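Residues per chain, in single letters:
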Amino acid sequence: DQQVKQNSPSLSVQEGRISILNCDYTNSMFDYFLWYKKYPAEGPTFLISISSIKDKNEDGRFTVFLNKSAKHLSLHIVPSQPGDSAVYFCAASANTDKLIFGTGTRLQVFP
Amino acid sequence: ETGVTQSPTHLIKTRGQQVTLRCSSQSGHNTVSWYQQALGQGPQFIFQYYREEENGRGNFPPRFSGLQFPNYSSELNVNALELDDSALYLCASSLVHGRPPYGYTFGSGTRLTVV
């Protein structure tokens, strides 16, 4: 079963606008959530994370929101830049450092 | 500070063969985790090595095995290759064994194609 779901395989956003990437999870034992960015021919790179005791974490242009009651998290990128074009993975862990990943969302930021 | 290095970057194997993938962890990192990313999917946890011992395993059959060496580098071995083993294999190293997992550094992966 897919414990972490990213239902939008792709997203296209104009440069300067907000990008919102969504992620849903089913396992209520998850206590740590992360977003990774992946460029072609490179490994995933850590972007931002959030503990389940928080509902928001911000780092520059990137903000992650966590809604535990809905088992939903989202990544907001403001403003979006062409260099943000990549595949974004949502990942979760349950009191461990082993990660469960979603299937990814391909973000394209166009001029 | 060197990152995580994986070799080879690409290889093609025939069904039934065996393959060994290699990973050099980032300097100072003592834990290595392996993930399989099939086409159109997210990475799936295979297993983790800490202090040369397997420390957790995902839902993969025993023909997937690994090693960690005293210098913390690691190998992933797959026996009796199947077509479904075709994937990108990612190695991730980390300094702190356990939580939180944000300390992962991923390599660029090895693209394995089984024909």
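Further up the page is the structure itself.
All values reported here derive from a predicted model rather than from experimental measurement. (Residues numbered from 1 in each chain as written. Chains lettered and ligands numbered in written order. Predicted model: local features only at pLDDT ≥ 70, side-chain atom pairs only at ≥ 80, totals over all residues. Heavy atoms only, no water.)

S.K.: For the packing of aromatic side chains, give the residues involved together with the corresponding values.
M.R.: As enumerated under the stated definition, the model contains 15 aromatic pairs over all chains in all. On the basis of an interplanar angle of 85° and a centroid distance of 5.7 Å, the ring pair of Phe101(A) and Tyr35(B) is categorised as edge-to-face. Taken together, the positions of Phe101(A) in strand S10 (residues 100-101) and Tyr35(B) in strand S4 (residues 31-37) put the pair across two chains. As far as burial versus exposure is concerned, Phe101(A) and Tyr35(B) are alike and both buried. Each ring, one from Phe47(B) and one from Tyr49(B), has its centre 5.4 Å from the other, and the planes form 85°; the classification is edge-to-face. Judged by relative accessible area, Phe47(B) falls into the buried class, the value being 0%. (Phe/Tyr/Trp six-rings, centres within 6.5 Å; stacked < 30°, edge-to-face > 60°. Helix = DSSP H or I, 4+ residues; strand = E, 2+ residues; numbered from the N terminus. Buried < 20%, exposed > 50% of the residue type's maximum accessible area, 1.4 Å probe, protein only.)

S.K.: Quick one: what's the story with the sheet that holds strand S7 (residues 64-68) of chain B, residue by residue and with numbers?
M.R.: The strands making up a sheet associate through backbone hydrogen bonding, with each pair oriented either parallel or antiparallel. All names here are of chain B. Taking strand neighbours across the sheet as the criterion, the four strands line up as S1-S3-S8-S7 in an open arrangement whose pairing is antiparallel. Edge positions in the sheet fall to strand S1 (5-7) and S7, since each has one partner strand and no second. Here the average twist between neighbouring strands, direction ignored, is 15°. Pairing geometry for S7 and strand S8 (residues 74-78), over five bridges, is antiparallel. Paired with Gln68 across the bridge in S8 is Ser74. (Pairing = 2+ DSSP bridges. Axes fitted to C-alpha atoms, helices over the stretch in contact; angles between N-to-C directions.)

Such coordinate-based values are descriptive only and should not be taken to indicate function.
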